There are 2 protein chains.
Amino acid sequence: MKVAVMGYGTVGSGVVEVIEHHSDIIPKRTGGKTLEISHILDLRDFPNDPHRDLFTKDFNDILNDEETKIVAETMGGINPAFDFTMKLLKAGKSVVTSNKELVAQRGLELLQAAEESGANYLFEASVGGGIPIIRPLCQCLAANYIEGIAGILNGTTNFILTMMIEQGMSFDEALKIAQEKGYAEKDPTADVEGHDACRKVCILASLAFGKHVYPNQVETEGITNISLEDVSYIENAGGVIKLLGQIKYISDDEIAAFVSPAVVYNGSQLASVKDVFNSILVRGDAVGDVCFYGPGAGKLPTASAVVADIIDCAKHTDRKKIFGWGPGSEDYVVDYKERIEMPFYVRAKASPSEINSRFADVKFLSRKGQPSDEVAFITDIMTENKLNEKLDGINVINTIKVTNY
Amino acid sequence: MKVAVMGYGTVGSGVVEVIEHHSDIIPKRTGGKTLEISHILDLRDFPNDPHRDLFTKDFNDILNDEETKIVAETMGGINPAFDFTMKLLKAGKSVVTSNKELVAQRGLELLQAAEESGANYLFEASVGGGIPIIRPLCQCLAANYIEGIAGILNGTTNFILTMMIEQGMSFDEALKIAQEKGYAEKDPTADVEGHDACRKVCILASLAFGKHVYPNQVETEGITNISLEDVSYIENAGGVIKLLGQIKYISDDEIAAFVSPAVVYNGSQLASVKDVFNSILVRGDAVGDVCFYGPGAGKLPTASAVVADIIDCAKHTDRKKIFGWGPGSEDYVVDYKERIEMPFYVRAKASPSEINSRFADVKFLSRKGQPSDEVAFITDIMTENKLNEKLDGINVINTIKVTNY
């Protein structure tokens, strides 16, 4: 079967490589069909690439090629990826993608277009890179009420936090090394401010509960405020700081979803996830906690997930995937600060007695070199609004949520 | 759609419970179809069960019911489960199962029967209980050459080892607690001798590489020889002892597969898997290492995986799953002792100089209360046959494989 690739960057070139390198096993997994690259769409020139005869700068070459029924969209971004994908789906071609921004922002419209034309829109690679998560969540856990999801969804920030925790590096030093290793972009905003994790939270929440959650509904906080002092106190508490995307079911009409640094205790499967690895924990009413771990990014891991979706399209050309992803609504994602109770880590310039006079039950923490006017502690469970009320007038340095995953 | 359940033990009754308890969400995941229990086959009487009107002792009631197109086989064992399943598949009914013994022993014949009649034979629950592993392995990782698999595949033995490692309990004490908690059977042989893990290794190997591996081809060693002294030495080495099922790809015509205690270093995702939890690590050429963690047994976790398979059958009634699971052969699984190199942990009554005279490169270990005539060490990599040659004449107390997962 003929497959086109749109966008010949890291993931797109990986898709071509994975298809060619696995040409002997792919027919075993498609029920006998081979995959052949028909077109590669990219505005750039690749004069020395062995596939140079396949390149085109005209999207219509793909749209109008009746033999090309499967297209990998690895361009990233909203435009022109949305327009291209929509046209392909309306033309009855299946599209598979690693483009989390597009799925998070416009997934519903694209899935509806696929539904209408009988094509598939698949996006296993959009969350967790190479980690199988979309199919397990939608199919293997189908007989569960999902109670919550928590994930380390961004490899760059997990690498930076690992360097801070294990090597005692500052955030700035760790970011510099992440950039040198190619884990972080020159402009690291999307990663370190949590936007990338936020998009993945939207996709997971939309799939788990069937209503589209948009990025602007998910309150998002990055890791730029985390200091080595916080790392030390939290080590003393028996945990580590991770950037977590968290989703909590409240009712069919309400969920909570947020991205933030969080204290994860060492007993959790999420605590041992280091470097650029990702892990997603899903809590179901029947199954309990299951966890999916692996490389959350990278050329070949991500490409292998895109190609798995291509194989799925090739195997069952007449079958539509049912995702049950419907419209969202403005008040579907609640204000978690008002609604969700949890413990908090707090670091402040205050005395223990001041803290004890405001909090019924706190666990004080210590660190090497702790100044005499600094306290750090873990509260009992309360909403974030309640916490802020209790801290009113206190010189707070940092507060971090404590997760129960 | 009507569903019959064969075997009303722990998992079978869980299947009925999960279907009934999730009746509101199941139609969302089947594309609108509801599930209804039509028959429950069990030779026992359940006079007070709310489903008493559904019970039958006659398998033909299910076989001859034209409206029942999906059957859950949760009887366990080979007979009569094999005969019943074969007849149902030949009649065009899909069968889903948690019966690892049957799938490991006769999976190929049953899959071939399903293929011929256009029915499905699905067995997500047969490995890892509630953990999604079969679909991820077959679908999400389809664009990878699988290089190896290592899994903690038995919850009972993992619980016993956890108690030994964390509480300093002896094997016998830990087994007793496992029995009191209902994790271990009165006759714990199948668990502690590794037979249960062996069946799961067969299923994983057959799926990953497409040739049926039978239990008698997989050399299997349990945990009854593990002592607290070994636990201490291995803690000193920076690792833990786990009962691992390991599969290694050699060529399309040869694999290695074995079940044994193994030293897992603390950096591994498998090291932090405690109590009755399971975890399966899959190493692919493109994706690298991915890991699947969760409850490996238990009524509702296992039942939820069976029901997920039922939902899959109900959703796509006209589609056959392609597993690519073909015939095996006698010499397909090699003698790993001759072919696979790895480091080993050795404990012996010997002096360090005796050991140094036989091994080029060893790392000696220590423990509290170590007798002066006892040594323990980790070797460099070699085959197990080579190891035994080098140890010839030494008074060896125990040897344990060291894994690279």
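Please read these numbers as outputs of a predicted model, since none were measured by experiment.

**As for the overall build of chain A**
Link 1 in the chain: For chain A, the helix and strand inventory stands at 15 helices and 16 strands.
Link 2 in the chain: Here chain A has a C-alpha radius of gyration of 23 Å; the compact-globule value for 405 residues is 22 Å, and the two agree.
Link 3 in the chain: Taking all 405 residues of chain A together, 60% fall into the buried category.
Link 4 in the chain: Within chain A, contacts between residues at least 6 apart in sequence are counted, and of these 73% link residues at least 24 apart.
Link 5 in the chain: Of the charged side chains in chain A, 40 are positive and 57 negative; the average position of the first set lies 3 Å away from that of the second.

**A word on unusual backbone geometry**
All names here are of chain A.
Link 1 in the chain: The peptide bond linking Asn79 to Pro80 adopts the cis configuration, its omega dihedral lying at 0°.
Link 2 in the chain: Tracing the backbone shows Pro80 in the loop between β4 (68-73) and α4 (81-90).
Link 3 in the chain: Within the chain, Asp275 stands out as a residue other than glycine whose phi angle is a positive 55°.
Link 4 in the chain: Within the secondary structure, Asp275 is located in the loop between β10 (254-265) and β11 (277-284).

**Focus: the packing of aromatic side chains**
Link 1 in the chain: All chains considered together, the criterion is met by 29 aromatic pairs over all chains.
Link 2 in the chain: Pairing Phe123 of chain B with Trp325 of chain B gives two aromatic rings, centres 5.8 Å apart and planes at 85°, and the pair type is edge-to-face. Remark: Trp325 of chain B occurs in the loop between α12 (299-315) and α13 (336-339) and Phe123 of chain B occurs in the loop between β6 (121-122) and α6 (134-140); sequence separation between them is 202 residues. For the residue pair Phe123 of chain B and Trp325 of chain B, the accessibility class agrees, reading buried in each case.
Link 3 in the chain: An aromatic cluster is present here, built from Tyr121, Phe123, Phe323 and Trp325 of chain A joined pairwise through their rings.

**Examining the relation of the copies chain B and chain A**
Link 1 in the chain: Laying chain B over chain A is done by rotating through 180° and shifting 0.0 Å along the axis; what remains is an RMSD of 0.0 Å. Between the two chains, the operation in question is that of a two-fold axis. No C-alpha of chain B approaches the rotation axis more nearly than that of Phe292 of chain B, which lies at 2.5 Å.
Link 2 in the chain: By residue overlap, the copies meet face to face through one surface: 100% of the interface positions of chain B are interface positions in chain A.

So, how was this worked out
- Residues numbered from 1 in each chain as written.
- Chains lettered and ligands numbered in written order.
- Predicted model: local features only at pLDDT ≥ 70, side-chain atom pairs only at ≥ 80, totals over all residues.
- Heavy atoms only, no water.
- Helix = DSSP H or I, 4+ residues; strand = E, 2+ residues; numbered from the N terminus.
- Rg over C-alpha atoms; globule rule 2.2 N^0.38 Å.
- Buried < 20%, exposed > 50% of the residue type's maximum accessible area, 1.4 Å probe, protein only.
- Contact = heavy atoms within 4.5 Å.
- Lys, Arg positive; Asp, Glu negative; His and termini not counted.
- Charge placed at Lys NZ, Arg CZ, Asp CG, Glu CD.
- Phe/Tyr/Trp six-rings, centres within 6.5 Å; stacked < 30°, edge-to-face > 60°.
- Least-squares fit on C-alpha atoms with pLDDT ≥ 70 in both.

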